[in-house]
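# Notes for the structure review
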Amino acid sequence: MTLAPDAPGRLAIPALIDEATVESIAGEAWIALVGEDEVLVPVPGDLPEDTLSAWVDVVGPWTGSVVLTTGRQTAAELTRALLGDAAPELLDHEDVADAFGEIANVVGGNVKAALPGPSTLGLPEVGAAPTVRNPEDVCRIEVLWRGQPLVVSVQGALPSLPVPHTPHQHPHQNGASQ
Amino acid sequence: MRALVIDDSRAMRRIVSAALEGFGYETRQAGHGQEALDVLQEGYAPDLCTIDWNMPVMDGLQFVSAVRANPAWRALTLMMVTSESEQGQIVRALAAGAHEYVIKPFTADALRDKLALLGMLPEEAVL
């Protein structure tokens, strides 16, 4: 098992899963849940200011969250696509949270399966994205769905380890006798 | 044939129910394992339960164990439909008494194939 070079003893996500795998998992989820013609295009885009995130926590040899973030309007569109004919005329926050959360659940479950286990999967949560604790423990993809930007971030829950302190060797503390 | 669709996501309950209804099932829904047990105890007698794993109150594995502990529900076919796709979890669910395991995301065709393997496709869907 590979360890992050800067974090002895702790698994970091870039050593466990790559962007292509996350992209493939998300793409399959979209086709199955949202629609056969609903592709994710691997092109970065600027997220709008008003975003919504849905995520699930993974707890195991690697602990963190699988977070989907997109514009609120896009999350509502996703909900309509997911529900199809069953979508109510007026979506409320519960509808969007439920549908967007379920997409995060499916993507997160399949990401978890690609990681070393055993791990447990939390229930989906929706709101403001959890903070990135360690920028080196993140695997992030940016895609477009129907031209709108969406980010999938697999991010560790633990802060980066402190840089090991290398004591300065004082010229007079080297034990050398004069 | 009747199916009880158990999932904490309303969206997923709608998707699974729509697929099953397309195969000719009549469906009811429950939002977690305890609610599903209540439905069974009220006398609803489905042929099939589709069961999510991660749910509040009572999860899918607890529901499977509870059903298998009651001889009155021995004939019930239990199918996990979940995003829990670790091999170890699949083994646990099957060992607890689930008959089949479908990993989300799935297509209606994949669900149909699993039901056919179990001999659980209504006649009109087989023809």
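Throughout, residues of each chain are indexed from 1 in the direction in which the sequence is written. Lettering of chains starts at A and numbering of ligands starts at 1, both following the order in which they are written. With the structure being a predicted model, the display of local features is reserved for residues of pLDDT at least 70 and the display and counting of side-chain atom pairs for 80 or more, all residues being used for whole-chain, interface and lining totals.

An unreviewed UniProt entry annotates chain B as Two-component system, chemotaxis family, response regulator CheY originating from Geodermatophilus obscurus.

### A word on the overall build of chain A
Inclusion rule: For helices the rule is a DSSP run of H or I covering at least 4 residues; for strands it is a run of E covering at least 2, with both sets numbered from the N terminus onward. Throughout, a pair of residues is in contact if the C-beta atoms placed from their backbones lie within 7 Å.
Counting its secondary structure elements, chain A contains 3 helices and 7 strands. Written out in order from the N terminus, the α and β elements of chain A read α-β-β-β-α-α-β-β-β-β. Excluding contacts between residues fewer than 6 apart, the proportion of contacts in chain A whose partners are at least 24 apart in sequence is 66%.

### Some details on the packing of helix H2 (residues 72–83) of chain A against helix H3 (residues 93–114) of chain A
Residues and elements named next belong to chain A. Defined as follows: The angle between two axes is taken between their N-to-C directions and runs from 0 to 180 degrees, where each axis is a line fitted to C-alpha atoms and a helix contributes only its stretch in contact. Each angle gets one of four labels, with under 35 degrees taken as roughly parallel, over 145 as roughly antiparallel, 65 to 115 as roughly perpendicular, and the rest as oblique.
Relative orientation of the contacting elements H2 and H3 amounts to 80°, with a least axis distance of 9 Å. Considered as vectors, H2 and H3 are oriented roughly perpendicular to each other. When H2 is examined against H3, the residues Ala75, Ala76, Leu78, Thr79, Leu82 and Leu83 are found in contact with a partner set consisting of Asp95, Val96, Ala99, Phe100 and Ile103.

### Brief notes about the interface of chain B and chain A
Contact with chain B, which involves 16 residues of that partner, is made by 21 residues of chain A. It is helix H1 (residues 10–22) of chain B that contributes the most residues to the side of chain B that touches chain A, 4 residues altogether.

### Let's talk about the environment of Gly88(B)
Take Gly88(B): it is sitting in helix H4 (residues 87–96). Each C-alpha atom of the pair Gly88(B) and Thr50(B) lies 20 Å from the other, and the pair is 38 residues apart in sequence.

### Examining unusual backbone geometry
What counts, and what does not: Here a residue counts as buried when 20 or more other C-beta atoms sit within 10 Å of its C-beta, as exposed when there are 12 or fewer, and as partly exposed otherwise, the C-beta atoms being derived from the backbone.
Note the cis peptide between Gly117(A) and Pro118(A), where omega equals 0°. Of note, the amide linkage connecting Lys104(B) to Pro105(B) takes the cis form, showing an omega dihedral of 0°. In this model, Arg146(A) sits at a positive phi of 50°, which is unusual for a non-glycine residue. Here Arg146(A) is to be found in the loop between strand E6 (138–145) and strand E7 (148–156). Assessed through the 14 C-beta atoms surrounding it within 10 Å, Arg146(A) is described here as partly exposed. Even without being glycine, Val57(B) reaches a positive phi, approximately 70°. With respect to the helices and strands, the residue Val57(B) is situated in the loop between strand E3 (48–51) and helix H3 (60–68). For Val57(B), a count of 11 C-beta atoms within 10 Å gives the class exposed.

### Details of the UniProt feature "domain: Response regulatory" (unreviewed entry) in chain B
As a reminder of what qualifies: UniProt positions are given in the numbering used here, feature names are shortened, and annotations may be inferred rather than shown by experiment.
Summarizing the sequence annotation, UniProt attributes the feature "domain: Response regulatory" (unreviewed entry) to residues 2–119 of chain B in the numbering used throughout. The distance separating the terminal C-alpha atoms of residues 2–119 of chain B is 14 Å; by composition the span is 43% helix and 20% strand.

### Section: the nonpolar core
Basically, it comes down to this: Here, a nonpolar core denotes buried Ala, Val, Leu, Ile, Met, Phe, Trp, Tyr and Cys residues that are linked to one another through C-beta atoms within 7 Å.
Judged by nonpolar contacts, the single largest core of 73 residues is most densely connected at Val66(A), Leu68(A), Phe100(A), Ile103(A), Ala104(A), Val107(A) and Ile51(B). When residues in this core are grouped by element, the largest group, 8 residues, is from H3(A). In this view, Val66(A) contacts Trp55(A), Val56(A), Val58(A), Ala104(A), Val107(A), Gly108(A), Val111(A) and Val154(A); residues no more than four positions away in its chain are not counted.

### Digging into the pairing of E6(A)
Residues and elements named next belong to chain A. We apply this condition: At least two bridges found by DSSP between two strands is the condition for calling them paired.
Along E6, the buried face is formed by Cys139, Ile141, Val143 and Trp145; none of Val138, Arg140, Glu142 and Leu144, which line the opposite face, is buried. Pairing of strand E1 (residues 40–41) with E6 involves 2 bridges; the strand directions are antiparallel. Note that in E6 the partner of Leu40 across the bridge is Trp145. Pairing analysis gives 8 bridges linking E6 to E7, with the strands arranged antiparallel. Counted as the bridge partner of Arg140 is Ser153 from E7. The antiparallel pairing of E6 with E7 creates a hairpin that spans 2 residues between the two strands, and Arg146 there sits at a positive phi of about 50°.

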